[in-house]
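Working through the structure, step by step
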There are 2 protein chains.
Amino acid sequence: MSLLQISRLDEILETATNLFKSKGYVGTSMRDLADAVGMEAGSLYSHVDSKDELLQHICFTIAGRFNKEIDLVLSVTNCSTSEKLESAINGHVKVITEDINATSVFWNEWKYLPEPHHSELSKLQVVYEHKFRSILDEGVNSGEFKIADTTFTTMGILSSLNGLQKWRTYSMPPEDLGSAFAALFIKGIKN
Amino acid sequence: MSLLQISRLDEILETATNLFKSKGYVGTSMRDLADAVGMEAGSLYSHVDSKDELLQHICFTIAGRFNKEIDLVLSVTNCSTSEKLESAINGHVKVITEDINATSVFWNEWKYLPEPHHSELSKLQVVYEHKFRSILDEGVNSGEFKIADTTFTTMGILSSLNGLQKWRTYSMPPEDLGSAFAALFIKGIKN
DNA sequence: CCTACCGATCGGTAGG
DNA sequence: CCTACCGATCGGTAGG
């Protein structure tokens, strides 16, 4: 029983995520959040220390998931670089689609994090991009890929995937999106 | 002289754009804006009717530029579809890089527009995406492109370009970005 | 978890 | 374009 039970704090975090996504972090008041979970504004502070803390938790949870996924991909050795890239893209898409609200907050609201959290998260993002780029570099070195500027291509691919959080609808099941992105970037659209 | 003169309203709009970009629309107060242009908060209202109006102006200006660029591309007939796609990508990138702050506000803050403006802008975005997709459809019909899902590919390409507003740095001059994106999507990275 | 409240700040207005 | 101000709301706290 208790393993399946959702704690009050978890409920507050999930509700905050939904509100931050739809109204923005600054546009969501602690009273909005209190109303949504069914308590008074002041009572929230027996569960969390501050509004900032909620945003911190959401952003670092998502950043952690992104880095965990890419580390998993980089630890595999017996596969082609194309397969590795497809795995990395699939992992990235999985993090986004499995919690679209939290990912949305992560990307659109992290600028409101106070220091030192803002700088810490920025570093995590840079580390992630470097890991992702290392796959492209590996493919260039092995002759499997032809890429003039791996930094540009890394950002181009990641931007495309991250845009998912703003799509109104998907034209395919979420689990197919990763492979579709991989095919687009690896083969291109030229016949 | 007067043709080169920047009106007080233009100065307010440009300053508001910069503030909305860095602090967000909700996170920017009319007092922040007043300080930045060197007047008192109440005085702003002799130039604008409301805070909303500033956001409206920024968002609809950018949406107008995007649609103007794509209409220009669609009016050209004597070129291949690949060339047409590259032109569309170049036009899109041009709008972004020529006014990165305004484009950033357009994408990240338009959700705060009150109705009916929010719905109007949403329609403009859908119209733009349809126009862009028509280029891909044309390429598929002529056999020039091989695309399983043009809706997906349209969103994938546009998401990638729109991500530009969040890039910390460019690894190439802004005017080269469009062609680099076009090459990435048309040819892919496979050697 | 509630009641009652704090000082600060919000978008916007009246009158000059 | 300024001064002075409006009611509303903000994040957060004290005491129970």
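Computed from a predicted model, the values in this text were never measured in an experiment. (Residues numbered from 1 in each chain as written. Chains lettered and ligands numbered in written order. Predicted model: local features only at pLDDT ≥ 70, side-chain atom pairs only at ≥ 80, totals over all residues. Heavy atoms only, no water.)

**Comments concerning the relation of the copies chain A and chain B**
Inclusion rule: Overlaid copies result from least-squares superposition on C-alpha atoms, with residues included only where pLDDT is at least 70 in both. We call two residues in contact whenever any of their non-hydrogen atoms come within 4.5 Å of each other.
You can overlay chain A on chain B at an RMSD of 0.0 Å; the transform is a turn of 180° with a shift of 0.0 Å along its axis. Both chain copies can therefore be described as sitting about a two-fold axis. The fraction of interface residues of chain A whose copies in chain B are also interface residues reaches 100%, indicating that both copies meet through the same surface.

**Details of the interface of chain A and chain B**
Short version of the rule: Take the accessible area each of two parts loses on contact, using a 1.4 Å probe, and add the two losses: that sum is the buried area. Here, a salt bridge means any side-chain nitrogen of Lys or Arg that lies within 4 Å of a carboxyl oxygen of Asp or Glu. Between N or O atoms, a polar contact is any pair within 3.5 Å; within protein, one atom must be a potential hydrogen donor and the other a potential acceptor, and residues adjacent in sequence are included only when both atoms are from side chains. Labels follow the DSSP assignment, with helices taken as runs of H or I lasting at least four residues and strands as runs of E lasting at least two, numbered in each case from the N terminus. Any residue outside Ala, Val, Leu, Ile, Met, Phe, Trp, Tyr, Cys, Pro, Asp, Glu, Lys and Arg is labelled polar, Gly included; the first ten of those are nonpolar and the last four are charged.
On the chain B side, the residues contacting the 46 residues of chain A number 46 residues. Taking both partners together, chain A and chain B bury about 3,700 Å²; carbon and sulfur atoms supply 59% of that area. Contact with chain B buries surface across chain A, with Phe 152, Arg 168 and Ile 189 of chain A losing the most and accounting together for 21% of the total. Taken together, the links from chain A to chain B amount to four salt bridges. At the junction of chain A and chain B, the tally comes to 24 residue pairs in polar contact (both at pLDDT 80 or more). Those elements giving two or more residues to the side of chain A that touches chain B turn out to be helix H1 (8-23), helix H5 (100-109), helix H6 (117-142), helix H7 (150-162) and helix H8 (174-187) of chain A. Class assignment for the residues of the side of chain A that touches chain B results in 19 nonpolar, 15 polar and twelve charged.

**What to know about the protein's contact with DNA strand D**
Put simply, the rule reads: Proximity is defined per residue: if any heavy atom of the residue lies within 4 Å of a molecule or strand, that residue is considered near it.
The full set close to DNA strand D counts 15 residues, and Arg 31 and Lys 51 of chain A together with Met 39, Glu 40 and Ser 43 of chain B are the nearest of them. Close to the protein, within 4 Å, the atoms of DNA strand D belong to sugar or phosphate groups at a rate of 59%. Arg 31 of chain A places a polar side-chain atom, nitrogen or oxygen, 2.8 Å from a base nitrogen of DNA strand D. Lys 51 of chain A places a polar side-chain atom, nitrogen or oxygen, 2.8 Å from a phosphate oxygen of DNA strand D. Residue composition of the surface near DNA strand D, grouped by class: three nonpolar, seven polar and five charged.

**Brief notes about the environment of Ile 189 of chain A**
Quick reminder of the rule: For each residue, the accessible area found with a 1.4 Å probe, counting protein chains only, is set against the maximum for its type, and the residue is called buried under 20%, exposed over 50%, and partly exposed in between.
For Ile 189 of chain A, the position within the fold is in the segment after H8. For Ile 189 of chain A, a relative accessible area of 2% gives the class buried. In this structure the C-alpha to C-alpha distance between Ile 189 of chain A and Phe 106 of chain A, which are 83 residues apart in sequence, comes to 31 Å. If we skip the residues at most four places from it in the chain, Ile 189 of chain A touches Leu 184 of chain A together with Leu 85, Leu 136, Glu 144, Phe 145, Lys 146, Ile 147, Thr 153, Phe 185 and Ile 186 of chain B.

**Some remarks on the protein's contact with DNA strand C**
The environment of DNA strand C is formed by 15 residues, the closest being Glu 40, Ser 43 and His 47 of chain A together with Arg 31 and Lys 51 of chain B. A distance of 2.7 Å separates a phosphate oxygen of DNA strand C from a polar backbone atom of Glu 40 of chain A. A distance of 2.7 Å is found between a phosphate oxygen of DNA strand C and a side-chain nitrogen or oxygen belonging to Ser 43 of chain A. For the surface near DNA strand C, the class distribution of residues is three nonpolar, seven polar and five charged.

**Observations concerning the domain arrangement of chain A**
Residues and elements named next belong to chain A. Here is the rule we go by: All the domain ranges listed were derived from an automatic or database domain assignment.
Here chain A is partitioned into domain 1 (1-48) and domain 2 (51-189). Averaged C-alpha coordinates put domain 1 and domain 2 at centres separated by 28 Å. Contact residues are listed per partner, giving 14 residues for domain 1 and 15 residues for domain 2. Between domain 1 and domain 2 lies a buried interface of about 1,400 Å² when both sides are counted; carbon and sulfur atoms form 69% of it. Summed over the shared surface of domain 1 and domain 2, the number is zero salt bridges. Counting across the interface, domain 1 meets domain 2 through six residue pairs in polar contact (both at pLDDT 80 or more). Those elements that provide at least two residues to the side of domain 1 that touches domain 2 are H1 and helix H2 (30-37). It is H1 that contributes the most residues to the side of domain 1 that touches domain 2, seven residues altogether. Here the side of domain 1 that touches domain 2 is built from residues that sort into nine nonpolar, four polar and one charged.

**Description of the pattern of salt bridges**
Residues and elements named next belong to chain A. The final tally for this structure, using the stated rule, is 18 salt bridges over all chains. A salt bridge links Lys 94 to Glu 69; its shortest N-O distance comes to 3.1 Å. Residue Lys 94 is found in helix H4 (residues 81-98), and its partner Glu 69 is found in helix H3 (residues 51-74); the two are separated by 25 residues along the sequence.

**What to know about the nonpolar core**
Put simply, the rule reads: Each nonpolar core is a collection of buried residues, namely Ala, Val, Leu, Ile, Met, Phe, Trp, Tyr and Cys, held together in the definition by side-chain atoms within 4.5 Å.
In this structure, Phe 181 of chain A together with Phe 181 of chain B are the most contacted members of the largest nonpolar core, which totals 117 residues. Contact partners of Phe 181 of chain B, with chain neighbours within four places excluded, come to Phe 152 and Gly 156 of chain A together with Ile 89, Val 93, Ser 160, Leu 161, Leu 164 and Trp 167 of chain B.

**Notes on the packing of aromatic side chains**
All names here are of chain A. To be explicit about the condition: Think of it this way: a Phe, Tyr or Trp ring, Trp meaning its six-membered ring, pairs with another when their centres are within 6.5 Å, and the plane angle makes it stacked under 30 degrees, edge-to-face over 60, tilted otherwise. When the NZ atom of lysine or the CZ atom of arginine is within 6 Å of a ring's centre and also within 35 degrees of its normal, the charge is said to sit over that ring.
As enumerated under the stated definition, the model contains 21 aromatic pairs over all chains in all. When the ring of Phe 20 is compared with that of Tyr 25, the centres are 5.1 Å apart and the planes differ by 80°; the resulting orientation is edge-to-face. In this structure, Phe 20 and Tyr 25 share a single accessibility class: buried. When the ring of Trp 167 is compared with that of Tyr 170, the centres are 6.4 Å apart and the planes differ by 65°; the resulting orientation is edge-to-face. Directly above the ring of Tyr 25 sits Lys 51, whose terminal nitrogen or CZ lies 4.5 Å from the centroid.

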